[in-house]
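Take a look at the letters that make up each chain.
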Amino acid sequence: MGMEKLYLENIIDHFKHPRNYGVVENADIQHHDHNPLCGDDISITIKIDRGKISDVKFQGHGCAISQASASMLTEKIKGKNIGDVKGIKSDDVIKLLGIPLSPLRMKCALLGFQVMTAGISKHKYGLREHGI
Ligand code: FES
């Protein structure tokens with residue numbers, strides 16, 4: 001079986017059986033956004049404990065790429081230090097999917113990542129507001 005087929009099967013598996021799907025109770029971070037081109041959307045909730053992402057969940061609806069990518073991203077960041085998560089780049093998310101993507105599909109692939117990064121930066125400013 002070719003590598004691309006394996007990656008495709010993995011995408012379909014994440015789409016059909018999304019990991020970390022739902023809402024984290026008493027989340028420290030919550031953010032929602034949509035892809036303006038199609039209206040597909042993703043919400044992410046994150047709990048932070050001593051600088052680590054102790055829990056993360058996502059919810060949303062949309063194409064297989066956007067939902068699978070968000071599912072994979074939650075697996076990647078769960079348990080990680082917030083500083084390490086801030087170091088994740090869009091290319092790292094594209095690599096998780098492992099298939100060639102058109103520019104339009106790139107927006108699908110990065111929707112969850114954009115929601116996560118916006119949520120985390122909002123949190124950072126929230127801490128600053130509280131003088132932390
Ligand atoms: Fe809407 Fe992919 S077609 S996010």
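Source: prediction; values computed, not measured.

A. Structural view of the packing of aromatic side chains. Inspection of every chain in the model, using the stated rule, returns 1 aromatic pair. Measuring from ring centre to ring centre gives 5.2 Å for Y21 and F58, while their planes differ by 80°; the resulting arrangement is edge-to-face. Pair noted here: Y21 is in the loop between α1 (3-16) and β1 (29-34) and F58 is in strand β3 (residues 52-61), with a separation of 37 residues, a long-range link. Judged by relative accessible area, Y21 falls into the partly exposed class, the value being 42%.

B. Layout of the environment of I12. When you line up the elements, I12 lands in helix α1. Accessibility expressed as a relative area gives 40% for I12, which makes it partly exposed. Along the sequence, I12 and A64 sit 52 residues apart, while their C-alpha atoms lie 6.7 Å from each other.

C. View of the pairing of β3. Looking at chain direction, strand β2 (residues 41-49) and β3 are connected through 9 bridges and run antiparallel. Considered in β3, the bridge of I46 is made with V56. Where β2 hands over to β3, the hairpin turn is made up of 2 residues, of which R50 adopts a positive phi near 45°.

Parameters and conventions
- Residues numbered from 1 in each chain as written.
- Predicted model: local features only at pLDDT ≥ 70, side-chain atom pairs only at ≥ 80, totals over all residues.
- Heavy atoms only, no water.
- Phe/Tyr/Trp six-rings, centres within 6.5 Å; stacked < 30°, edge-to-face > 60°.
- Helix = DSSP H or I, 4+ residues; strand = E, 2+ residues; numbered from the N terminus.
- Buried < 20%, exposed > 50% of the residue type's maximum accessible area, 1.4 Å probe, protein only.
- Pairing = 2+ DSSP bridges.

As far as function goes, none of this settles anything; it's purely spatial.
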